[in-house]
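As a plain string of letters, each chain reads:
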Amino acid sequence: MIVSLSRAEARRLALSAQGFARAPRAEIKHRQLQAQIERLGVVQIDSVNALVRSHYLPAFSRLGHYAPQLLDDLAWGKPRRRALFEYWGHEASLLPLELYPLLRWRMRRAADGRGIYRQLAEFGRQQQGVIQRVLHSVREQGALGAGSLSTRTERAGPWWDWSAEKHALEWLFAAGEVTVAGRRGFERLYDLPERVIPSAQFEHPELDEGEAQRQLLLRSADALGVATARDLRDYFRLDAGDSRVRLAELVEAGELLPVQVEGWKQPAYCRGEPRIPRKVTASALLSPFDSLIWERERTERLFDFRYRLEIYTPQHKRVYGYYVLPFLHGERLQARVDLRSERAHGRLAVHAVHVQEAGLSEEALLALAGQLQALAAWLGLPQVVLNCRSVEAARLRPLLC
């Protein structure tokens, strides 16, 4: 008998799986932050710094005020503290170290020119001399950035706008021949993985592709709560063909349970009998790259909320703004806010407030004001400034004084 879920139950299950069901009760330290990231399984990295680098936001959305240095320690800190590594998970990502053995197959495929960008695969076929020279430099000199190796004199090269050495490092990174040892600003510093990844993970016995992919799909199911086949494979960006086979194997083994969700055209799956909270009361501003909403079609199915990133849309064609964060309140996405950190002026600028058709209740409006003030305080910005003349902004303004 297939389990049936209402849309509201699916939302609560998803929110709980993503860490929104329980508020933290103590000061956030390394242990709590690590547990949250392990629960998510992957945190996407993005270079846009209009507000704050995106990988810092998911933990703030779920845990509230924490020191960003804690995440730096887990990702790029001293070996005894390090618990994360960088690789291609869901795009460029931070992942728990325990997932390193599960991605070795992806590294092997990349070394064979599969599963990576076409331009990078072509570079790997044509430029092995540069690649081996760069690898030798890393082996001899330790953690290096692309700028330290570049021999390019012209402004732009034939491979995107990267130097040949930058391309070589990215190819080596995808192939698992180097990994990220740290960052200088936002620049990656690359080193040999055996000097960065703890031996327990680096020397872990090789898993065959099938077993690794099954485990990644199970991690996806844990993090999503309830998900279609597309949702599951998208979480770690698995191939459709691979996922189809692995999903059938997991269902046959009883490790994934087929479920039916009200209004969903495709069948869904849960990791065992779903445990659905009675209520979710979280309020949060969400990064555009948050794992709750990064699969846009799923976001529409769960929340009836159409969300598109407009960073690369010409300004005159934008509907909502440049860097827009959805506002979660209770169990719904109720608004979207275009935000910018104006660090030189010490203020969080709110350029636009757009609400859903139902509008914001007084409770939701108070929660939004509280989230904006909390975000500003976390970013070290003394002021929240509204640069918006909408009706909702007028209602919001007195609450921010």
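These numbers were taken from a predicted model, which means no experiment stands behind them.

Rules behind the numbers
- Residues numbered from 1 in each chain as written.
- Predicted model: local features only at pLDDT ≥ 70, side-chain atom pairs only at ≥ 80, totals over all residues.
- Heavy atoms only, no water.
- Pairing = 2+ DSSP bridges.
- Helix = DSSP H or I, 4+ residues; strand = E, 2+ residues; numbered from the N terminus.
- Contact = heavy atoms within 4.5 Å.
- Axes fitted to C-alpha atoms, helices over the stretch in contact; angles between N-to-C directions.
- Domains from an automatic or database assignment.
- Salt bridge = Lys/Arg side-chain N within 4 Å of Asp/Glu carboxyl O.
- Polar contact = N/O pair within 3.5 Å; in protein donor to acceptor, adjacent residues only side chain to side chain.
- Nonpolar A, V, L, I, M, F, W, Y, C, P; charged D, E, K, R; others polar.
- Buried < 20%, exposed > 50% of the residue type's maximum accessible area, 1.4 Å probe, protein only.
- Core = buried A, V, L, I, M, F, W, Y, C linked by side-chain atoms within 4.5 Å.
- Parallel < 35°, antiparallel > 145°, perpendicular 65-115°, else oblique.
- Phe/Tyr/Trp six-rings, centres within 6.5 Å; stacked < 30°, edge-to-face > 60°.

### Comments concerning the sheet that holds strand 3 (residues 84–89)
Here we have three strands laid out as an open sheet, ordered 2-4-3, and antiparallel in their pairing. In this open sheet, the two strands that pair with only one neighbour each are strand 2 (43–44) and strand 3. Here two bridges tie strand 2 to strand 4 (residues 91–96), and the two strands are oriented antiparallel to one another. Bridging across to strand 4, Val43 finds its partner in Leu94. Of the strands in this sheet, strand 3 and strand 4 are in contact with helix 4 (residues 68–76), which crosses strand 3 at around 75°.

### Things to note about the domain arrangement of the chain
When cut into domains, the chain gives domain 1 (3–99 + 204–271), domain 2 (116–197) and domain 3 (308–399). Using only C-alpha atoms to locate each centre, domain 1 and domain 2 end up separated by 28 Å. Contacts between domain 1 and domain 2 engage 14 residues on the former and 13 residues on the latter. Our count for the domain 1 to domain 2 interface comes out at two salt bridges. Taken together, the connections running from domain 1 to domain 2 amount to four residue pairs in polar contact (both at pLDDT 80 or more). For the side of domain 1 that touches domain 2, the secondary-structure elements that each account for two or more residues are strand 3 and strand 4. Looking at the side of domain 1 that touches domain 2, its residues break down into seven nonpolar, two polar and five charged.

### Examining the pairing of strand 4
Along a regular strand, successive side chains alternate from one face of the sheet to the other. Across the six residues of strand 4, five count as buried, placing the element largely inside the fold. Relative to strand 4, strand 3 runs antiparallel, the two sharing six bridges. Bridging across to strand 4, Leu84 finds its partner in Pro96. Linkage of strand 3 to strand 4, two consecutive antiparallel strands, is achieved through a turn of one residue.

### With respect to helix 14 (residues 296–303)
For an α-helix, 3.6 residues make a turn, and residues three or four places apart therefore share a direction. With six of eight residues buried, helix 14 lies mostly within the body of the structure. Restricting attention to buried positions, one finds in helix 14 the residues Arg296, Arg298, Thr299, Arg301, Leu302 and Phe303. Against helix 1 (7–17), helix 11 (209–224), strand 7 (227–228), helix 12 (229–235) and strand 12 (332–342) lie the buried residues of helix 14. Following helix 14 by one or two positions, Asp304 has its phi on the positive side, about 50°.

### Digging into the nonpolar core
Core analysis: the largest hydrophobic core is formed by 108 residues, its most contacted members being Leu33, Tyr66, Leu339 and Leu372. A total of nine residues in this core trace back to one element, the largest contributor, which is helix 15 (residues 362–379). Filtering out sequence-adjacent residues up to four positions away, Leu372 remains in contact with Leu285, Val337, Leu339, Leu348, Val350, Val384, Leu396 and Leu400. Core analysis: the next-biggest nonpolar cluster, separate from the first, contains 26 residues, Ala284, Leu292, Ile293 and Leu333 among them.

### Focus on the sheet that holds strand 12
Read across the sheet, five strands follow the order 10-11-12-13-14 without closing on themselves; strand pairing throughout is mixed. The two strands at the open ends of the sheet, each matched to only one other strand, are strand 10 (283–285) and strand 14 (383–386). For this sheet, the mean inter-axis angle between neighbouring strands, taken without regard to orientation, is 30°. Taken together, the three bridges between strand 10 and strand 11 (residues 324–329) define a ladder with antiparallel strand orientation. Within the sheet, the bridge partner assigned to Leu285 lies in strand 11 and is Phe327.

### A closer look at the packing of helix 6 (residues 118–126) against helix 9 (residues 164–174)
It is the contact of helix 6 with helix 9, at a shortest axis distance of 10 Å, that shows an interaxial angle of 100°. What the angle tells us is that helix 6 and helix 9 run roughly perpendicular. Contacts from Leu120, Phe123 and Gly124 of helix 6 reach helix 9 at Ala164, His167, Ala168, Glu170 and Trp171. Here the residues of the contact of helix 6 with helix 9 are counted per class, giving five nonpolar, two polar and one charged.

### Looking at the packing of aromatic side chains
Evaluated as defined, the whole model comprises ten aromatic pairs. Between Tyr66 and Trp378, the aromatic rings sit 5.5 Å apart at their centres with planes inclined by 35°, giving tilted as the arrangement. Placement of the pair is Tyr66 in the loop between helix 3 (57–63) and helix 4 and Trp378 in helix 15, with a sequence separation of 312 residues. In this structure Tyr66 comes out as buried when scored by relative accessible area, which is 2%.

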